[in-house]
Amino acid sequence: MFTSNPFAELSASISPELIQGYVILMFILVVGGTILDVIHKKSAKYFFENAKKAEASREREVGGGEKIGIAVKTIAEDVLTSGEFCNPRRRVSHLFTMYGFILFVITTVALVFAYPNREAPGIVAQLWHLGALSVCFGGYWFWFFIRVDVAAEGNPWYRIVKADLFILSLLGTTTFGLIWSVLQASGNGASTLFLILFIGASLVLFGGVLWSKFAHMFFKPAAAFQKRMIKADGSRENLPEIGDLTDPELQKKFPDIPQYMGANPPNMGLGIKRESPKHY
Amino acid sequence: MPTFVYMTRCDGCGHCVDICPSDIMHIDKTYRRAYNIEPNMCWECYSCVKACPQHAIDVRGYADFAPLGHSVRVDRDEEKGVIAWRIKFRNGKKDLNLLAPITTKPWGSGIPQLKDVEGPSQEMRDSQLLYNEPKYIRFDDGGVHTLESNGLTMKKGVYY
């Protein structure tokens, strides 16, 4: 069931060219929606204006080689392992959703373009289903428990606002896609309904880029790189630098530190971050 | 001046929502990021500024320590047990860096257990300081008034 290519059976009723054209249309919608989003929200303009303003408070020049090193670190830590998340549950949920989505998209392209009307190697179809399942796992966990308006403000999980456009359409795409694949493989007539729902949800997901947070997957790596750059060049967005508390120079400058904390200040452990922000 | 959130830096963790004593930091319905819903009611206590792990909240400091056009930013590192301030004036001539310990005891220790402390005696209640205490908090007048004892319930969640 999970090893059969759902698009192969579909190509009996819908021509493979149409399916391929639909996938290409989805890509165009994403690219177009992102560009429109950038123009409409002026995010690129503000991003570069901010960078120019920060130049004034730069303490040192960052060389080309160092920039490449920072870029590599950004990709390795912030992108591949979603390192920007402080909360471990949010981080794990995001990793499942992110990698599941990437897997889902890549295997969809593979199944639709390389194996449109014949059986694909079992592993490709399995990965398609696995990607969708991974998105469902991370996504439903996020939807029911982790969303901040549910976790920190006590709103019920069934309250839907405009901010939920992305997560709902994403969950809809993967859930309906999985149900469609399972029903189609078992020859159930209801599979057509779920095919329509699957197509509808994917249209909302990829077409709603201008109104949803879809484009964050392109902006966040740029923002993460910029955050590391300001630490490297010393501007730090005017934030103070704490430094090493055992450094005698620092202790001489701020005598409160050795007076109240000793010459070797210990790790004080978590304070207000000990408990999750659920005190509503 | 009241706090404001850089929504591009905010990652929607909810710590500012939790800590605001005025209950005015909430989550935007369109972007699912934090924002100050009522700047008029901001106490400028800097709780949200200190609590934000992404340093996404900024606030203009009072004029008595920083003139117009300044930047004041704070970094509260509770694991190191210190709080650092940086105040920059607009003419670039002043760039103060201040560092102070937050606490001298490990977190979670030294919390007062008020229920183990004895209540005031009758003599203390009749004294000049306490005789006029409102009846809702007097322990000798049918116990403490709570929501349950008055038949009230509190609705769960945040309403604003």
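Residues numbered from 1 in each chain as written. Chains lettered and ligands numbered in written order. Predicted model: local features only at pLDDT ≥ 70, side-chain atom pairs only at ≥ 80, totals over all residues.

Asker: Explain the overall build of chain A residue by residue, including any values.
Answerer: What chain A contains, in helices and strands, is twelve helices and zero strands. When the helices and strands of chain A are placed in sequence order, the string is α-α-α-α-α-α-α-α-α-α-α-α. Over its C-alpha atoms chain A spans a radius of gyration of 24 Å, topping by over 25% the 19 Å that the globule rule assigns to 280 residues. Along the longest, intermediate and shortest principal axes, the C-alpha atoms of chain A span 80 × 40 × 35 Å. Across the 280 residues of chain A, 26% fall into the buried class. Partitioning the contacts of chain A with sequence separation of at least 6, the portion at a separation of at least 24 is 76%. (Helix = DSSP H or I, 4+ residues; strand = E, 2+ residues; numbered from the N terminus. Rg over C-alpha atoms; globule rule 2.2 N^0.38 Å. Buried ≥ 20, exposed ≤ 12 C-beta atoms within 10 Å, placed from the backbone. Contact = placed C-beta atoms within 7 Å.)

Asker: So what's going on with the overall build of chain B? Which residues, and what values?
Answerer: Scanning chain B for helices and strands turns up three helices and seven strands. Radius of gyration (C-alpha) of chain B: 21 Å, far over the 15 Å computed for a compact globule of 160 residues. Seen through its principal axes, chain B has C-alpha atoms that stretch 60 × 40 × 30 Å. Burial status across chain B gives 23% buried among its 160 residues. The long-range share in chain B, meaning contacts at least 24 apart out of those at least 6 apart in sequence, stands at 41%.

Asker: A description of the interface of chain B and chain A should follow, citing residues and the corresponding values.
Answerer: Contact residues are listed per partner, giving 43 residues for chain B and 36 residues for chain A. Sorting the residues of the side of chain B that touches chain A by element identifies α1 (15–19), β2 (25–27), β5 (71–77), β6 (82–88) and β7 (95–101) of chain B as the ones contributing at least two each. A total of five residues in the side of chain B that touches chain A trace back to one element, the largest contributor, which is β6(B). Counted by class, the side of chain B that touches chain A contains 16 nonpolar, 14 polar and 13 charged residues. (Nonpolar A, V, L, I, M, F, W, Y, C, P; charged D, E, K, R; others polar.)

Asker: So what's going on with the pairing of β6(B)? Which residues, and what values?
Answerer: Residue and element names in this part refer to chain B. As paired elements, β5 and β6 share seven bridges and run antiparallel to each other. If you follow D77 over to β6, its bridge partner there is V82. In this antiparallel pair of consecutive strands, β5 and β6, the connection spans four residues, and G81 shows a positive phi of 80°. As judged from the seven bridges shared by β6 and β7, these two strands associate in the antiparallel manner. Counterpart to R86 in the pairing with β7 is N97. The turn linking β6 back onto β7 is made up of six residues, and G92 within it adopts a positive phi angle of 75°. (Pairing = 2+ DSSP bridges.)

Asker: Break down the environment of A:A110 for me, citing the residues and quoting the values.
Answerer: All names here are of chain A. Within the element layout of this structure, A110 appears in helix α5 (residues 88–114). Its 18 C-beta neighbours within 10 Å are what place A110 among the partly exposed residues. Taking the C-alpha atoms as reference points, A110 and T97, 13 residues apart in sequence, are found 20 Å from one another.

Asker: Now, about unusual backbone geometry: what can you tell me, with residues and values included?
Answerer: All names here are of chain A. Of note, K42 is a non-glycine position whose phi angle comes to about 55°, a positive value. Checked against the element boundaries, K42 lands in the loop between α2 (16–41) and α3 (43–55). We classify K42 as exposed; it has 10 C-beta atoms within 10 Å. Its identity is not glycine, yet S82 carries a phi of approximately 50°, on the positive side. Tracing the backbone shows S82 in the loop between α4 (64–79) and α5. Under the C-beta neighbour-count criterion, S82 is labelled partly exposed, with 19 such atoms within 10 Å.

Asker: Would you mind going over the sheet that holds β6(B) in detail, with residue names and values included?
Answerer: All names here are of chain B. If you trace the three strands from one edge of the open sheet to the other, you get β5-β6-β7, paired in antiparallel fashion. Two strands lie at the open edges of the sheet, namely β5 and β7, each paired on one side alone. Between one strand axis and the next, the sheet turns through 10° on average, direction left out of account. (Axes fitted to C-alpha atoms, helices over the stretch in contact; angles between N-to-C directions.)

Asker: Describe the packing of α5(A) against helix α6 (residues 122–146) of chain A, listing the residues and the values that go with them.
Answerer: Residues and elements named next belong to chain A. Two numbers describe how α5 lies on α6: the axes approach to 7 Å, and their chain directions differ by 150°. Viewed along their axes, α5 and α6 adopt a mutual orientation that is roughly antiparallel. As α5 packs across α6, the resulting crossing turns out to be left-handed. For the contact of α5 with α6, the class distribution of residues is 18 nonpolar, ten polar and two charged. (Parallel < 35°, antiparallel > 145°, perpendicular 65-115°, else oblique. Left-handed = near helix turned anticlockwise from the far one by under 90°.)

Asker: Can you lay out the confidence of the model for chain B for me, pointing to particular residues and giving the numbers?
Answerer: For chain B, the average pLDDT comes to 87, and 92% of its residues sit at 70 or higher. The ipTM assigned to the predicted complex is 0.85, against a pTM of 0.85. (pLDDT = per-residue confidence, 0-100.)

Asker: Residues and numbers for helix α10 (residues 216–232) of chain A, please.
Answerer: The end-to-end C-alpha separation of α10(A) is 24 Å, in line with the 24 Å expected for 17 residues at 1.5 Å each. Backbone geometry just after α10(A) places A:G234 at a positive phi near 90°. (Expected span 1.5 Å × (residues − 1).)

Asker: An account of the environment of A:E153 is requested, with residue identities and associated values reported.
Answerer: Residue and element names in this part refer to chain A. Structurally, E153 is set in the loop between α7 (148–151) and α8 (165–185). We classify E153 as buried; it has 21 C-beta atoms within 10 Å. Considering only alpha carbons, one finds E153 and K278, 125 residues apart in sequence, at a separation of 7.3 Å.

Asker: Help me get a handle on the packing of α4(A) against α10(A), residues and values and all.
Answerer: For any two helices packed against each other, one specifies the crossing angle of their axes together with the interaxial distance. Residue and element names in this part refer to chain A. Running from N to C, α4 and α10 cross one another at 130°; their axes reach a closest spacing of 9 Å. Comparing the axis directions of α4 and α10 gives the class oblique. At the point where α4 passes α10, the crossing takes the right-handed sense. Of the residues in α10, those in contact with E66, I70, A71, K73, T74, D78 and V79 of α4 are P221, A224, F225, R228, M229 and A232. Tallied by class, residues from the contact of α4 with α10 come to eight nonpolar, one polar and four charged.

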